[in-house]
Amino acid sequence: MGTLDEQIWETLSHVADPEMKEVSVVDLGMIEKVDVQGSRVVVCALPTFMGCPALEIIERDITKAISSLTGVDAVSVKFLRDPAWTTNRITDKGREALKRMGIAPPPVFEEEAGMWQVNCPYCESPFTTMENLFGPTACRSILYCKACRNPFEAMKPVSTL
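Residues numbered from 1 in each chain as written. Predicted model: local features only at pLDDT ≥ 70, side-chain atom pairs only at ≥ 80, totals over all residues. Heavy atoms only, no water.

### A look at the pattern of salt bridges
Argument step 1. Enumeration according to the criterion identifies six salt bridges in this entry.
Argument step 2. One salt bridge connects lysine 99 with glutamate 124, and the closest N-O pair in it is separated by 3.2 Å. Within this pair, whereas lysine 99 is found in helix H3 (residues 92–100), its partner glutamate 124 is found in the loop between strand S6 (103–104) and strand S7 (128–132), the two being separated by 25 residues in sequence.
Argument step 3. When salt bridges that share partners are traced, they join Glu96, Lys99 and Glu124 into one network. (Salt bridge = Lys/Arg side-chain N within 4 Å of Asp/Glu carboxyl O. Helix = DSSP H or I, 4+ residues; strand = E, 2+ residues; numbered from the N terminus.)

Laid out in structure tokens, this is it:
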């Protein structure tokens, strides 16, 4: 069964991002730390964007999930501004889940890279073009694959530089 801390992390790995249901808040790299003090739990999370409209839903879902664990009497979620969330925090599992949803994961940020190269999530082709910087949410753009001729979404890369 594991310690309460292990149970909490396992539970958080099943709390989905409300806008990308196949990706957990853990795999998006949103969970900075979990503090367990007796039966009280504080989850420190990093918002992907400070103005993200889904923060209330994420807080509710985290609270509900952890509250269901035996030995937990109180849960609070704190959204931190420091350190800033970056797309480099997305796990490999999270990147694969994004691809399954038809969303190209952001490139891993490299300081020397000056371009944003996105491969198609369907055919992996690098021959893609930006159709619209603004996608259905603040963190995504619309691209088009010249190889398989499919439009797709891509997460925008976010770094602290």
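### Observations concerning the sheet that holds strand S5 (residues 74–79)
Pairing between the strands of a sheet comes from backbone hydrogen bonds, and it takes one of two forms, parallel or antiparallel.
Argument step 1. The strand order across the open sheet formed by three strands is S3-S4-S5, and the pairing between neighbours is mixed. Two strands bound the open sheet, and with one partner strand each, they are strand S3 (31–37) and S5. Between one strand and the next, the sheet's axes are offset by a mean angle of 15°, whatever the strand orientation.
Argument step 2. For S3 and strand S4 (residues 40–45), the ladder comprises six bridges, and the chain directions are antiparallel. (Pairing = 2+ DSSP bridges. Axes fitted to C-alpha atoms, helices over the stretch in contact; angles between N-to-C directions.)

### With respect to the pairing of strand S2 (residues 20–24)
Argument step 1. Relative to S2, strand S1 (residues 16–17) runs antiparallel, the two sharing two bridges. Bridging across to S2, aspartate 17 finds its partner in methionine 20.
Argument step 2. Here S1 folds back onto S2, and the loop between the two strands holds two residues.

### Examining the sheet that holds strand S9 (residues 151–155)
Argument step 1. Overall, mixed pairing links the four strands, which are arranged S6-S9-S8-S7 in an open sheet. Where the open sheet ends on each side, the last strands, each with one partner, are S6 and S7.
Argument step 2. Bridge count between strand S8 (residues 140–145) and S9: five bridges; the pairing is antiparallel. From the neighbouring strand, tyrosine 144 faces S9, where its bridge partner is proline 151.

### As for helix H2 (residues 55–67)
Argument step 1. An ideal rise of 1.5 Å per residue puts 18 Å on 13 residues; H2 measures up with 18 Å between its terminal C-alpha atoms.
Argument step 2. Those residues of H2 not exposed but buried are Leu55, Ile58, Ile62, Ala65 and Ile66. The arc that holds the buried residues of H2, viewed along the axis, is 100°, so those residues lie on one side. For H2, the exposed residues lying more than 90 degrees away from the buried face are Glu56, Arg60 and Lys64.
Argument step 3. Tucked inside the fold, the buried residues of H2 contact helix H1 (4–12), S1, S3, S4 and S5. (Expected span 1.5 Å × (residues − 1). Buried < 20%, exposed > 50% of the residue type's maximum accessible area, 1.4 Å probe, protein only. Arc of directions from axis to C-beta. Contact = heavy atoms within 4.5 Å.)

In short, the description is geometric, and any link to function would need to be established separately.
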